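Structural overview for review
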Amino acid sequence: MSETADDGELWQRARTGEPECFGVLFDRHGEAIRTFCARRTGSLDAADDLVSIVFLEAWRRRDHVELIDGNALPWLYGIARLTIQHRWRTALRHRRALSRLASATPAPDHADEVAGRLDDARHLARLRAAFQRLRSADRDVLTLCVWQGLSYAEAAVALDIPVGTVRSRLSRARSRLEAESAIEASSPRPATPREELS
């Protein structure tokens, strides 16, 4: 039965003419990839789009799958990471092009006012800001090892680096996130328009 086969067997069967086996792999790992993409992008809508792209790319590269103990998930995380990086580079080029066309008057940003009303949202914004200031490599290793629960060996496959590098990056990333969070927490919050009037 396809549902009980390990990932290696499913990949082999999918490559040799049983496409429903690829569907089993999608059902098995799609939600984990969606969660990873949502955490890295901060958007469930973007994550839904990215999952489709990741699995299309996985099918395109099906002859080069790399399994860890019969598990393809670390390899899929690696494809997801590269897909997100490509999407960010494309979005950056798009934003730069739009900024050249935009008028000189910036649109008002109401994020601070909303964050001022909700303590949880403010805390999340601080954490997200601290996270975004980390290097991309640090964000990747934190997301994979802490949020996605990958082992060092699995993260090494996803990141295409040695296991020892995963360990050292994770330690460094945790320290940097803690330091960035402390800086962010100690930074004064900009006053909302209501506070400025009082």
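A short tour of the structure in this document, coming up.

About the thresholds
Every chain is numbered on its own, with residues counted from 1 as its sequence reads. Whole-chain, interface and lining totals are the exception, using all residues; otherwise, since this is a predicted model, local features are given only for residues with pLDDT of at least 70 and side-chain atom pairs are given and counted only at 80 or more. Note that the side-chain values use all heavy atoms of the structure and ignore hydrogens as well as water. A run of H or I in DSSP becomes a helix once it reaches four residues, and a run of E becomes a strand once it reaches two; helices and strands are each numbered from the N terminus. Three labels apply to residues, based on accessible area from a 1.4 Å probe with only protein chains included: buried if under 20% of the type maximum, exposed if over 50%, partly exposed otherwise in between. By the convention used here, residues are in contact when the closest approach between their heavy atoms is within 4.5 Å. With axes taken as lines fitted to C-alpha atoms, and helix axes fitted only over the stretch in contact, angles between N-to-C directions fall between 0 and 180 degrees. Residues are grouped as follows: nonpolar covers Ala, Val, Leu, Ile, Met, Phe, Trp, Tyr, Cys and Pro; charged covers Asp, Glu, Lys and Arg; every other residue, Gly included, is treated as polar. In a helix, the anticipated span is given by 1.5 Å times the number of residues less one. In this scheme Phe, Tyr and Trp rings, the latter by its six-membered ring, pair at centre separations within 6.5 Å, and the angle between planes marks the pair as stacked below 30 degrees, edge-to-face above 60, and tilted otherwise. Put simply, angles under 35 degrees are roughly parallel, angles over 145 are roughly antiparallel, angles from 65 to 115 are roughly perpendicular, and the rest are oblique. With the far helix as reference, a near helix turned anticlockwise by less than a right angle produces a left-handed crossing, and one turned clockwise produces a right-handed crossing. The nonpolar core is taken to be a set of buried Ala, Val, Leu, Ile, Met, Phe, Trp, Tyr and Cys residues, with the residues joined through side-chain atoms within 4.5 Å.

This paragraph deals with the overall build of the chain. In terms of regular secondary structure, the chain is built from 10 helices and zero strands. For the chain, the α and β elements follow one another from N to C terminus as α-α-α-α-α-α-α-α-α-α. In the chain, which comprises 198 residues, the proportion classed as buried is 35%. Expressed as a percentage of contacts within the chain between residues at least 6 apart in sequence, the contacts between residues at least 24 apart total 63%.

The contact between helix H1 (residues 7-15) and helix H2 (residues 19-41) brings their axes to 8 Å, and the two run at 145°. Packed against H1, whose contacting residues are Asp 7, Leu 10, Trp 11, Arg 13 and Ala 14, the element H2 presents Cys 21, Phe 22, Val 24, Leu 25, Arg 28 and His 29 at the interface. Grouping the constituent residues of the contact of H1 with H2 by class yields seven nonpolar, one polar and three charged.

Right, let's get into helix H7 (residues 136-147). Here H7 contains 12 residues, and its C-alpha end-to-end distance of 15 Å stays within 8% of the 16 Å for a straight helix at 1.5 Å per residue. Counted residue by residue, H7 has nine buried out of 12 residues, so it is predominantly covered. Turning to H7, its buried residues number three or more, namely Ala 137, Asp 138, Arg 139, Asp 140, Val 141, Leu 142, Thr 143, Leu 144 and Cys 145.

Let us look at the side chain of Asp 138. Looking at the element boundaries, Asp 138 is found in helix H7. For Asp 138, a relative accessible area of 0% puts it in the buried group. Ignoring sequence-local partners within four residues, the contact set of Asp 138 consists of Arg 169, Arg 172, Ala 173 and Arg 176.

A word on the packing of aromatic side chains. Across all of its chains, the model carries seven aromatic pairs by this definition. Ring geometry for Phe 22 and Phe 55: centres 6.1 Å apart, planes at 75°, overall edge-to-face. Pair noted here: Phe 22 is in helix H2 and Phe 55 is in helix H3 (residues 44-60), with a separation of 33 residues, a long-range link. Judged by relative accessible area, Phe 22 falls into the buried class, the value being 14%. Using a relative accessible area of 4% as the deciding quantity, one classes Phe 55 as buried.

To continue, consider the packing of H7 against helix H8 (residues 152-159). Packing of H7 against H8 brings their axes to within 10 Å, and their N-to-C directions diverge by 140°. Taken together, the axes of H7 and H8 are oblique relative to one another. Once H7 is placed against H8, the crossing between them reads as right-handed. Two secondary-structure elements touch here, H7 through Asp 140, Val 141, Leu 144 and Cys 145 and H8 through Ala 155, Ala 158 and Leu 159.

Nonpolar side chains in soluble globular proteins tend to end up buried together. Ile 33, Cys 37 and Tyr 77 are the most contacted members of the largest nonpolar core, which has 45 residues in total. Those elements that provide at least two residues to this core are H1, H2, H3, helix H4 (73-101), helix H6 (119-133), H7, H8 and helix H9 (163-186). At eight residues, H2 tops the list of elements feeding residues into this core. Not counting the four nearest positions on each side in its chain, Cys 37 is found in contact with Gly 42, Ala 47, Leu 50, Ala 80 and Ile 84.

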